[in-house]
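Close look at the chain arrangement
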Amino acid sequence: MQRRDFFKKLGLVAAASALTPAISFASETKVVSKNTMSYQTAVDAITGGKTVTVSSKIKLKVPEIAENGAVVPVTVNIDSPMTENNYVKAIHILASHNFNARSIDVYLTPANGKAMFSTRIKLGGTQDVTALVELSNGDFISASQNVKVTIGGCG
Amino acid sequence: MDISRRDFMHIAAVFGIGAAATGCVSPKTPAQISINDIYNFKATGNFTLLHMCDIHAHIKPLYWREPSTLISAPNLVGTPGFLCGDAFAKHYGLEPSSLDAYFDTHVDFEELAKKFGKMGGIAHIKTYLERVRTERGNENVLFLDSGDTWQGTGVALKTRGEAIVKAQNYLGVDVMVGHWEFTYGKERVKELIEMLDAKFVTQNVIGNDPFADEYEELIFEPYTIEEKGGAKIGIIGQSFPFTSTANPKEFTEGWSFGLRLDTLQEYVNELRDEHKVDCVVVLSHDGFSVDQEVARQVHGIDFILSGHTHDPSPQPITIDGTVIVIAGSHGKFIGRLDIDAKDGKVIDYEYKLVPIASNIIPADPAGVKLVNELYAPFDKEFGEVLGQTKNILYKRDTFFSTFDQLINDAIMDEMKCDMSFTPGYRWGTTVLAGDNILMDNVYEMCGITYPNVYTFDLKGKQIATLLEDIADNVFNANPLYQQGGDMSRLGGVTYSIAVANKAGERISKLMIGGKLIDLDKTYVVSSWGGNLQNAGSNLQENKIRAVYDVTRDYIKREKIVDVSNEGNVTLVDYDCGCPVKGSRSC
């Protein structure tokens, strides 16, 4: 049953990439130096300065304590009907204190059917992971969670 | 809001109505305490769950002193899981100098140890279990083990867990989960599960090696359904969520841990909706404070039988309808939980944390025989008298304990390092003042499968960052970010700490060798039981040696050890080690 779930998820991600070949590891605007981007610069570049509202419609799944900072699993799920009039246009995943805070941009259309994306990102240390989501009406919503990247120590 | 019978029972427990359930024994001497004071219980309902956790392979009786310092973030101070000493006694209404006060707190420990003697041991545990099985009928009793069972003594280490599996089979464990179990390595874990009569269930360990058959699959059965007393009981396993970060990754390569509360919720729903169970139990190694958070986030669990943080909790706590119990450590206690459940719900329950007072509960002869057989091949080595201690040697406390200091002294003496790290585990042993220190005691303190002491270089800045990182694992205000251990113990170092400060800003006046730390300087550091060596450079390979050998040789050289309980840490924002709720003092 676990395996089925996994393939279901895999299927969705594959569908997302097949329908929208617009997944880009973005670093297009306001780059301070090569491959460096602060969290605020990244947010401004994505939103163009528009207000971002924290929303419980986004289900951001990341571990509280990372098992391995080099491959931290992130799943973003947005409660959206994904119709022509009301859909999720883009999912951006940001890591607040990475050298380059902007981890990935995923662009969707109503044809995706479901606003969901799952990947693994690298975290340089303990920090917040944010899902910044653009809706079809131009609004931006977000959800964040702190992820601890620790050398460990106790038992 | 409707108050159900269950709610009423909880309220009653809070106000001390139905005192029989609280299990307080008056301050009598062993001669005056009848065994019935310990056995006394208001039998309830149609089945009984017996519970143990964190016995850490202590199949023989031992002394175990509870902490005299148990500091947490201010929001958690004085809540169950962060209670010790007088604050604990007050919270649970223990009478001073009673058997319960001796088992549950450090207060007057040495004096009471003379009065009441040792604790635990499988032969004594067995006598109690059989008594309950006879009283309730064997077919109405389940014995559940929250893990940290296979590791913690020499006999466990030398037999790679097998001696303890034999002990569990003798006791009649029905279901278990794990944590330190995994430090024998994946293959050995599977072998031991084959030898084990109990079921090993765990919903939060998933394959994460994309080239393995078990990728994204459950490694263990997530739950089991048992029928007792006409009730269907669903038991979901939750092993230690942070095994892969708290212990070396190589033991569990390819297995991913984590809390996995979303799948936990799915299994709760599956048990209720598809299997129509009468009672949902989570057998857990999350830790007492984490499980309180689990109860807030996951709905529909009737009981969490917790473990990992070694808290004795004489009364259950109830959060959003979920009752949480935890049964101390080192075999000192068995939790007895009588449940009345039918038609898909729990109607009533009674709980008692039963102290296994080895001088009062007689030993089962078959258990004594089994222990002797298991120890026989190692008697000569374990029984060697290494020296004597002037003061009590104990483990626990948030920052410092005497047996850890002795280990740090041994490492500093042999490795000629600037500072040493000893891990803040919560398992170990207690040796009373004036007693001999046996090799067995040294294994009880550091018998692990990765015992090497490594000596290497760390920059001052790395040391400072590392300590802040460890402090945040221990003192984070959110239990989900804690790993459930204590601060690493440091040799050659003193520091001040403000626990309530922000992460990264807690530690000040960090001195190494009596001088303020120089962030740019390179220090020679020795450490064991963690993975600090991976962060360091210039590893001195010729010095690598097992910590139990280093400690043994030092005690033999010293003959009489004299470790004071003064400590090396100044706590800035609390007045005492056992603060009461809503306060920074006692």
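Parameters and conventions
Residues numbered from 1 in each chain as written. Chains lettered and ligands numbered in written order. Predicted model: local features only at pLDDT ≥ 70, side-chain atom pairs only at ≥ 80, totals over all residues. Heavy atoms only, no water. Pairing = 2+ DSSP bridges. Helix = DSSP H or I, 4+ residues; strand = E, 2+ residues; numbered from the N terminus. Axes fitted to C-alpha atoms, helices over the stretch in contact; angles between N-to-C directions. Expected span 1.5 Å × (residues − 1). Buried < 20%, exposed > 50% of the residue type's maximum accessible area, 1.4 Å probe, protein only. Contact = heavy atoms within 4.5 Å. Polar contact = N/O pair within 3.5 Å; in protein donor to acceptor, adjacent residues only side chain to side chain. pLDDT = per-residue confidence, 0-100. Parallel < 35°, antiparallel > 145°, perpendicular 65-115°, else oblique. Nonpolar A, V, L, I, M, F, W, Y, C, P; charged D, E, K, R; others polar. Phe/Tyr/Trp six-rings, centres within 6.5 Å; stacked < 30°, edge-to-face > 60°. Lys NZ or Arg CZ within 6 Å of the ring centre and 35° of its normal. Buried area = accessible area lost by both parts, 1.4 Å probe. Salt bridge = Lys/Arg side-chain N within 4 Å of Asp/Glu carboxyl O.

Moving on: the sheet that holds strand β2 (residues 58-61) of chain A. All names here are of chain A. Reading across from one edge, β2-β3-β6 is the order of the three strands in this open sheet, with antiparallel pairing throughout. Of all strands in the sheet, those bounded by a partner on one side alone are β2 and β6 (115-121). Strand-to-strand twist in this sheet, taken as the mean axis angle between neighbours without regard to direction, amounts to 10 degrees. Summarising the sheet, β2 and strand β3 (residues 72-78) pair through four bridges and their orientation is antiparallel. Each residue of the ladder has a partner; that of L60, found in β3, is V76.

The next subject is helix α17 (residues 460-475) of chain B. Residue and element names in this part refer to chain B. Compared with the 22 Å implied by 1.5 Å per residue over 16 residues, the 22 Å span of α17 between its first and last C-alpha is a close match. Judged by how many residues are buried, α17 sits mostly within the fold: 12 of 16 residues are covered. For α17, the secondary structure elements touched by its buried residues are β16 (419-422), β18 (452-459), β19 (489-491), β20 (493-497), β21 (507-512) and β23 (522-527).

Residues and elements named next belong to chain B. Inspection of the secondary structure puts S306 in strand β10 (residues 303-306). Since its relative accessible area comes to 0%, S306 is described here as buried. Separated by 115 residues in sequence, S306 and E191 have C-alpha atoms that sit 25 Å apart. Among residues more than four places away in sequence, those in contact with S306 are H51, C53, S146, S284, G287, F288, D291, I324, V325 and I326. Polar contacts involving the side chain of S306 include one to the side chain of D291, which spans 2.7 Å.

We now examine the confidence of the model for chain B. Considering every residue of chain B, the mean pLDDT works out to 93; 95% of them sit at 70 or more. Across the whole predicted complex the pTM is 0.89, and at the interface the ipTM reaches 0.74.

Before going further, it helps to examine the packing of helix α6 (residues 122-136) of chain B against helix α8 (residues 162-171) of chain B. Relative orientation and spacing of two packed helices are given, respectively, by the angle between their axes and the distance between those axes. Residue and element names in this part refer to chain B. One way to put it is that α6 packs onto α8 with a least axis distance of 10 Å and a crossing angle of 25 degrees. By the criterion of interaxial angle, the relationship of α6 to α8 is roughly parallel. Along the contact surface, α6 presents I122, A123, I125, K126, L129 and R133, while α8 presents A167, Y170 and L171. Residues that form the contact of α6 with α8 fall into these classes: seven nonpolar, no polar and two charged.

Pairs of aromatic rings are described using the distance from one ring centre to the other and the angle between the two planes. Residue and element names in this part refer to chain B. Across all of its chains, the model carries 27 aromatic pairs over all chains by this definition. Between F200 and F220 the ring centres are 4.8 Å apart and the planes differ by 45 degrees, which places this aromatic pair in the tilted class. Here F200 is found in strand β4 (residues 199-200), whereas its partner F220 is found in the loop between β5 (206-207) and β6 (223-228), with 20 residues between them in sequence. Classification of F200 by relative accessible area gives buried; the value is 6%. Judged by relative accessible area, F220 falls into the buried class, the value being 10%. Centroid distance Y375 to F382: 5.9 Å. Interplanar angle 75 degrees. Geometry classified as edge-to-face. Linked through ring pairs, W150, F182, F200, F220, W255 and F257 together constitute an aromatic cluster. The ring of Y394 has R65 lying over it, and the distance from NZ or CZ to the ring centre is 3.7 Å. R336 extends its terminal NZ or CZ atom over the ring of F41, reaching a point 3.9 Å from the ring centre.

If you look at the interface, chain B gives 38 residues, while chain A gives 21 residues. The junction of chain B with chain A conceals about 2,600 Å² of combined surface from both sides, 50% of it contributed by carbon and sulfur atoms. Considering only the surface of chain B that becomes buried against chain A, E216, T245 and Y481 of chain B emerge as the three largest contributors, covering 22% of it. Where chain B packs against chain A, one counts three salt bridges. Here D472 of chain B ties to K148 of chain A by a salt bridge, and the two come within 2.9 Å at their closest N and O atoms. Taken together, the connections running from chain B to chain A amount to 10 residue pairs in polar contact (both at pLDDT 80 or more). Elements with a minimum of two residues in the side of chain B that touches chain A: α10 (243-246), β8 (255-256), α11 (261-273) and α17 of chain B. Grouping the constituent residues of the side of chain B that touches chain A by class yields 16 nonpolar, 13 polar and nine charged.

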